[in-house]
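Residues per chain, in single letters:
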Amino acid sequence: MTKLICQRILLKLSGEALMSEAGGSIDADILKRLALEIIELSSMGIQVGLVMGGGNILRGAQKAAEGLDRVTGDQMGMLATVINALAMQDAIEHLGQQVRVMSALKINQVCEDYIRRRAVRHLEKGRVVIFAAGTGNPFFTTDSAASLRAIEINAELMIKATKVKGVYSADPEKVKDAIFYPRLTYDEALDQRLNVMDTTALVLCRDNNVPMRVMNIFEQGAIKRLMLGEEIGSLIERGT
């Protein structure tokens, strides 16, 4: 049996990853493909935690810039992540895998409240756990929520799923000669302001020694190959 590089991961999936090219907020085919990849990881014996963004539906910071109260906007954004989490839960369950949604906001008529010990127990039982509603607090992004949950569940690796190969010196879709970084430290990412994640998220991972892999979620089977030891995307670690 091939050895896996880790047994427990936290996958950060942006809301935009669920959007169709036509602009729909949640594409059923994309949702199913992502659900199949998550189930495949679980079938390999990997415990999977998932943090969903909500940008395909609403961004609180953007609404605040348009004049909406920031706290209200962020709370609306948290609810958007719950919608995405419920959609992903349904897709995974329809394919036969046990899954639980745990919300940082109390919405226990539609999902469980987030309790760390219960989340870990779900993972130990082989259930996929989807963490919704960010941290439950305004002014914190879902990137920060992903870092926090990764630390709390003792994830061995956090995976930041993006639309590009990994970390670049600039946006590769806008700058043709942008430099690709296969490996770098958290301090380098912070010092160079590479916009991998927000500062809070990076510092949390750095200070708690959680490695992060940034990779293209649209490359089918890439996460499985990563778990089997293939070097994919960019690895960010704490420096020595």
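Reading the values: rules and limits
- Residues numbered from 1 in each chain as written.
- Predicted model: local features only at pLDDT ≥ 70, side-chain atom pairs only at ≥ 80, totals over all residues.
- Heavy atoms only, no water.
- Salt bridge = Lys/Arg side-chain N within 4 Å of Asp/Glu carboxyl O.
- Helix = DSSP H or I, 4+ residues; strand = E, 2+ residues; numbered from the N terminus.
- Buried < 20%, exposed > 50% of the residue type's maximum accessible area, 1.4 Å probe, protein only.
- Pairing = 2+ DSSP bridges.
- Phe/Tyr/Trp six-rings, centres within 6.5 Å; stacked < 30°, edge-to-face > 60°.
- Lys NZ or Arg CZ within 6 Å of the ring centre and 35° of its normal.

Can you explain the pattern of salt bridges? Please cite residues and give values.
Taken as a whole and assessed by the stated rule, the structure comprises 19 salt bridges. For the salt bridge of Glu40 with Lys224, the shortest nitrogen-to-oxygen distance reads 3.1 Å. Here Glu40, found in helix H1 (residues 28-43), pairs with Lys224, found in helix H8 (residues 222-227); they are 184 residues apart in sequence, far enough to count as distant. Glu40 sits in the partly exposed class, given a relative accessible area of 30%. On the accessibility criterion, Lys224 (31% relative accessible area) is partly exposed.

Requested: an account of the sheet that holds strand S11 (residues 234-237), with residues and values cited.
Here we have nine strands laid out as an open sheet, ordered S4-S3-S5-S2-S1-S6-S10-S11-S9, and mixed in their pairing. Each end of this open sheet is capped by a strand with a single partner; those strands are strand S4 (112-113) and strand S9 (183-185). Sheet analysis places strand S3 (residues 99-103) next to S4, joined by two bridges and oriented parallel. By the bridge assignment for S4, Ser103 is matched with Asp113.

Help me get a handle on the packing of aromatic side chains, residues and values and all.
What the rule picks out here adds up to two aromatic pairs. The interplanar angle of 80° and the centroid separation of 5.6 Å between the aromatic rings of Tyr114 and Phe131 together place this pair among those described as edge-to-face. Within this pair, whereas Tyr114 is found in the loop between S4 and helix H4 (116-124), its partner Phe131 is found in strand S5 (residues 128-132), the two being separated by 17 residues in sequence. For the pair Tyr114 and Phe131, a shared accessibility class is recorded, and that class is buried. The positively charged end of Arg149 is found above the aromatic ring belonging to Tyr114, 3.8 Å away from the centroid. Looking at Lys165, its charged tip hangs above the ring of Phe180, at a distance of 4.3 Å from the centre.

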